[in-house]
Amino acid sequence: MTPVIEASGLVKTFGTARALDGLDLDVAPGEVHGFLGPNGAGKSTTIRVLLGLLRADGGSVRLLGGDPWRDAVALHRRLAYVPGDVTLWPGVTGGEAIDLLGRLQGGVDPARRAELLERFDLDPRKRARTYSKGNRQKVALVAALASDAELFVLDEPTSGLDPLMEAVFQEEVRALRAQGRTVLLSSHVLAEAENLCDRLTIVRRGRTVQSGTLAGMRHLTRTSVTVETDRPVHGLAQLPGVHDLRTDGGRSHMDVDTDALDDVVRLLAGCGVRSLVSAPPTLEELFLRHYGDELAADGIPALAVR
Amino acid sequence: MRAPRTTLSGTGPLVRFALRRDRVRLPVWIGVGAGLVATQSVSSQALYDSPQDLAAYAASVGANAATIALSGPPVGLVTVAGAVAFEISSFVVVLTALMAAATTGRHTRADEEAGRAELVRAARVGRHAPLAAAVLVAAAACLAMALAIGTAATATGLPADGSFLLGASVGAAGLVFTGVTAVAVQVAASARAAQGAVAAVLGAAFVLRALGDVQGSWPVWTSPIGWAQATHPYSGNRVLPLALCLVATGVLLAVAVALLDRRDLGSGLLAARPGPASAPWSLRSPLGLAVRLHRGAFAGWTAGLALLGVALGGLAGSVETLFGDNPEARAFLPDAASVVDAYLATALSMAALLSGAYAASAVLRARAEEAAGRAEPVLATATGRVAWLGGHAAVALVGATLLLLVAGAAVGAVRALATGEPAELGRLLGATGAYLPAVWVLAGLAVALSGLLPRPAAALAWAAVAYVTVTTFFAASLDWPGWVDAASPLAWTPLVPVDDAAAAPLAVLTAVAAALLGAGLAGFRHRDLVAG
Ligand SMILES: Nc1ncnc2c1ncn2[C@@H]1O[C@H](COP(=O)(O)OP(=O)(O)OP(=O)(O)O)[C@@H](O)[C@H]1O
Ligand SMILES: [Mg+2]
């Protein structure tokens, strides 16, 4: 199957600032793809290039099999977009904005619209200037979700939502995936990405630093292991792949490379294990590790990674 | 040290911050005002260097109701200094009023709508501090304008007392409009609506003053512009009318504070009511959206131009009377009919300029939409670039065309009634058509700038409107060389009904407008979206 989004080596400069510096992004049909990175990493810029709102200075990009700059109008019929910073027309009501954007995109299903207004608890009769940030976000979300698009491009769609609405949003995204639609989701809410995404791309300073499934990313990193044993464990420190070992009486804590886990468990087995906690790194830890490197590169002490 | 917590605490830092934000804008406004006065002073002194020249000038001005309507009371024309004040004061008064209104609005409601005021108010800043700071900054700008004008006039050789009185009159009118804006921003439902209300008050003040001056009667005293000019710099040197301005300002500010205590941050007293839950059928295309966004402003402009047309048409009668009463004028000018037609051509040029200003503002609305990030969600739908910008351009072109025709029809209808000749309506409506291509050029230029040079587009488009205005009304009186107005579309427009409508220049102007439009649309198709 051809990828829905296929970008490689994207470059975009604004004056002297290089917002994208060889960014790669591949999104397969039917997947929910997380797009993560610190502030200013280039996520929104990438999305604007994908939408043909900006023209890339270098690299190649295909969207739904077309050229996002040349075929913008035709491609936009097949996608829905929620901007990161939703600004609406001050005197236009939320309901009017939803209808307008929906019609421009190719039509709104009234039943679906009503259902979404209900689920997101949004009053469509208010003028946009009186909406709160979260409610403006909901207007854009309802307009996008009410459409019959193949691809949903969501730039931090939940940044203003309360936890209840966040849960509704996650259900809606799962429903989209169940229908076989593709979602590109940029987010700073790592739990959200962890819950929803099949694959992830982490970017930093306009470059892709890691891409793949969460499981695959975990595989490349260390699992933290805490163990209590009856007898002291000898030889742990000498095992290749064991890092940051701390022993405190009968209790040991260490980070273990994924392919060394087997050896560690074998060694522990002879020492009378009383309790064993093994936690794969959370997305947050993966993310902080990359972000921490960046801070370190800037001469700022890395954040303590749990 | 902890500042006392009053409703005014924090005003000082806000004033400094506002002055910092306006450190380019305010000097530009003031520089333009003082520059206009200095230029007028120098060129009038060169032009009327003999008593005969001055007498001829005074006679011809006294006979021209259009000039009086545009400028003010024809007093003090016995000295060159008086002539300078007559020629320039109404322009700098309007300029200063616009400066005061823009400054006051910018630091009150516009900030609230952008959410900046919330940040500020959350810091230790009193409830009245933002308004107080905005008013102080606007008042300081008016004072600076007054001093700059006084200095410019004195430096170019005019008597100091009259010069600083002229400056003070202009500044005092600015203060009144600071007060008007302070009230409008409390009442109106949005910052845009507030600016619209202030523009309406300014327009009404101008029309009342013009009516009063032409008829030499009381309506002058209902207008802050009339008060400012009632000081008669260089002739009467009266200071009492300034007190009128100050009292009015004080009353308006008191009203503004009282209203401020009764409204919430970010909304006006005229609260926005809930609207429709779903969009009307018409809101389904980029053009439909553009029509929706422009309709409010268009309605305001239509009302304004219709009124102006009625006023200008009515004044044509006074032109005939003045001409008949003035034997000296008859020596300088040809027959009465052509004097009236000359006046009507000036009136139609004025309406054309205002329609051109509307066209520029309507096109620039598209650019403002883009800058505010509201173009992005629309262009991410199946809406093409050309359809989107074209929608705004179409509204601007059709709207400006209708505006000018409304103004022309109003002038024509009033003339038809006054003369009892129904054919006047058709004749003047036809004459209005000759000014349309010039208006289209201004619209096309704004489209070209928005498409090709998005960031400076607004500044350049308004500079173009200002250039056409200044060259239309000043090139002759300032005795500028002929090439100065060569780039103005109005300079190429045959001044119907004095001149005959010539097809060739109109066709060329229309072609230029179309080329500019095409260039703008093509430019927009090929560039990045530019936010901010
Ligand atoms: N129009 C522009 N002009 C100049 N610089 C820009 C422009 N748009 C983006 N940038 C810069 O490009 C870089 C990437 O910005 P971008 O908005 O894509 O980041 P982001 O990953 O979306 O960040 P966030 O998580 O904060 O939304 C930033 O350094 C930003 O300052
Ligand atoms: Mg972003």
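Owing to the predicted nature of the structure, the values given are computational and were not obtained by experimental measurement.

Notes on the packing of aromatic side chains
All names here are of chain B.
Now for step 1: Considering all chains together, one arrives at five aromatic pairs over all chains under this definition.
Now for step 2: Taken together, a centroid distance of 6.4 Å and an interplanar angle of 45° make the contact between F91 and F473 tilted. Taken together, the positions of F91 in helix α5 (residues 80-106) and F473 in helix α20 (residues 457-474) put the pair 382 residues apart, joining distant regions of the chain.
Now for step 3: Over the aromatic face of F206 sits the side chain of R209, whose NZ or CZ is 5.0 Å from the ring centroid.

As for the interface of chain A and chain B
Now for step 1: Facing 34 residues of chain A, the contacting portion of chain B comprises 38 residues.
Now for step 2: Summed over both partners, the interface of chain A with chain B buries about 3,100 Å², with 57% contributed by carbon and sulfur atoms.
Now for step 3: Taken as a group, W89(A), R103(A) and L104(A) account for 22% of the area that chain A buries against chain B, more than any other trio of residues on that side.
Now for step 4: One can count three salt bridges joining chain A with chain B.
Now for step 5: Note that D528(B) and K12(A) form a salt bridge whose closest N and O atoms lie 2.4 Å from each other.
Now for step 6: One can count 23 residue pairs in polar contact (both at pLDDT 80 or more) joining chain A with chain B.
Now for step 7: If you list the elements that add at least two residues to the side of chain A that touches chain B, you get α2 (72-76), β5 (79-82) and α3 (94-105) of chain A.
Now for step 8: A total of eight residues in the side of chain A that touches chain B trace back to one element, the largest contributor, which is α3(A).
Now for step 9: Its residues assigned to classes, the side of chain A that touches chain B comprises 16 nonpolar, seven polar and eleven charged.

Some details on the environment of G42(A)
Residues and elements named next belong to chain A.
Now for step 1: When you line up the elements, G42 lands in the loop between β3 (32-36) and α1 (43-50).
Now for step 2: A C-alpha to C-alpha distance of 9.9 Å links G42 and T208, two positions 166 residues apart in sequence.
Now for step 3: Residues contacting G42, with those up to four places away along its chain left out, are A19 and L20.

A few points about the domain arrangement of chain B
How large an interface is tends to be reported as the accessible area lost when its parts come together.
Now for step 1: Under the domain assignment used here, chain B contains domain 1 (10-260) and domain 2 (286-525).
Now for step 2: Taking the mean C-alpha position of each, domain 1 of chain B and domain 2 of chain B sit 25 Å from one another.

Description of the domain arrangement of chain A
Now for step 1: For chain A, the assigned domains are domain 1 (5-217) and domain 2 (222-280).
Now for step 2: Each of domain 1 of chain A and domain 2 of chain A has a C-alpha centre, and the two are 43 Å apart.

Remarks on the pattern of salt bridges
Now for step 1: Under the defined criterion, the tally for this structure stands at 31 salt bridges over all chains.
Now for step 2: The partner of R266(A) in a salt bridge is D262(A), with the nearest N and O atoms 2.6 Å apart. On the criterion of helical spacing, the pair formed by R266(A) and D262(A) is a turn pair, its members being four residues apart in helix α9 (residues 261-269).
Now for step 3: On the accessibility criterion, R266(A) (59% relative accessible area) is exposed.
Now for step 4: One salt bridge in this structure joins E370(B) and R527(B), with 2.7 Å as the shortest N-O distance. Of this pair, E370(B) sits in helix α15 (residues 336-371) while R527(B) is found in the segment after α21 (503-525), placing the two residues 157 residues apart along the sequence. Here E370(B) and R527(B) have matching classes, each one buried.
Now for step 5: Shared partners join several salt bridges into a network, and the residues in it are R112(A), E115(A), R119(A), E171(A) and E172(A).

Considering the environment of E115(A)
All names here are of chain A.
Now for step 1: Note that E115 resides in helix α4 (residues 110-119).
Now for step 2: Look at E115 and you get partly exposed, because its relative accessible area is 39%.
Now for step 3: When the C-alpha atoms of E115 and V142 are compared, they prove to be 9.5 Å apart, with 27 residues separating the residues in sequence.

Concerning the site of ligand 1
Residue and element names in this part refer to chain A.
Now for step 1: Ligand 1 sits among F14, A19, P38, N39, G40, A41, G42, K43, S44, T45, E156 and H188.
Now for step 2: In the environment of ligand 1, an oxygen atom lies 2.8 Å from a nitrogen or oxygen atom belonging to the backbone of G40.
Now for step 3: A total of 640 Å² of accessible area belongs to ligand 1 in isolation, and the protein chains cover 63% of it.
Now for step 4: Sort the elements by how many residues they give to the shell around ligand 1 and α1 lands first, with three residues.
Now for step 5: Of the residues belonging to the shell around ligand 1, the class tally is four nonpolar, six polar and two charged.

Conventions adopted
- Residues numbered from 1 in each chain as written.
- Chains lettered and ligands numbered in written order.
- Predicted model: local features only at pLDDT ≥ 70, side-chain atom pairs only at ≥ 80, totals over all residues.
- Heavy atoms only, no water.
- Phe/Tyr/Trp six-rings, centres within 6.5 Å; stacked < 30°, edge-to-face > 60°.
- Helix = DSSP H or I, 4+ residues; strand = E, 2+ residues; numbered from the N terminus.
- Lys NZ or Arg CZ within 6 Å of the ring centre and 35° of its normal.
- Contact = heavy atoms within 4.5 Å.
- Buried area = accessible area lost by both parts, 1.4 Å probe.
- Salt bridge = Lys/Arg side-chain N within 4 Å of Asp/Glu carboxyl O.
- Polar contact = N/O pair within 3.5 Å; in protein donor to acceptor, adjacent residues only side chain to side chain.
- Nonpolar A, V, L, I, M, F, W, Y, C, P; charged D, E, K, R; others polar.
- Domains from an automatic or database assignment.
- Buried < 20%, exposed > 50% of the residue type's maximum accessible area, 1.4 Å probe, protein only.
- Near = heavy atom within 4 Å.
- Areas by Shrake-Rupley, 256 points an atom, 1.4 Å probe, with all protein chains shown as cover.

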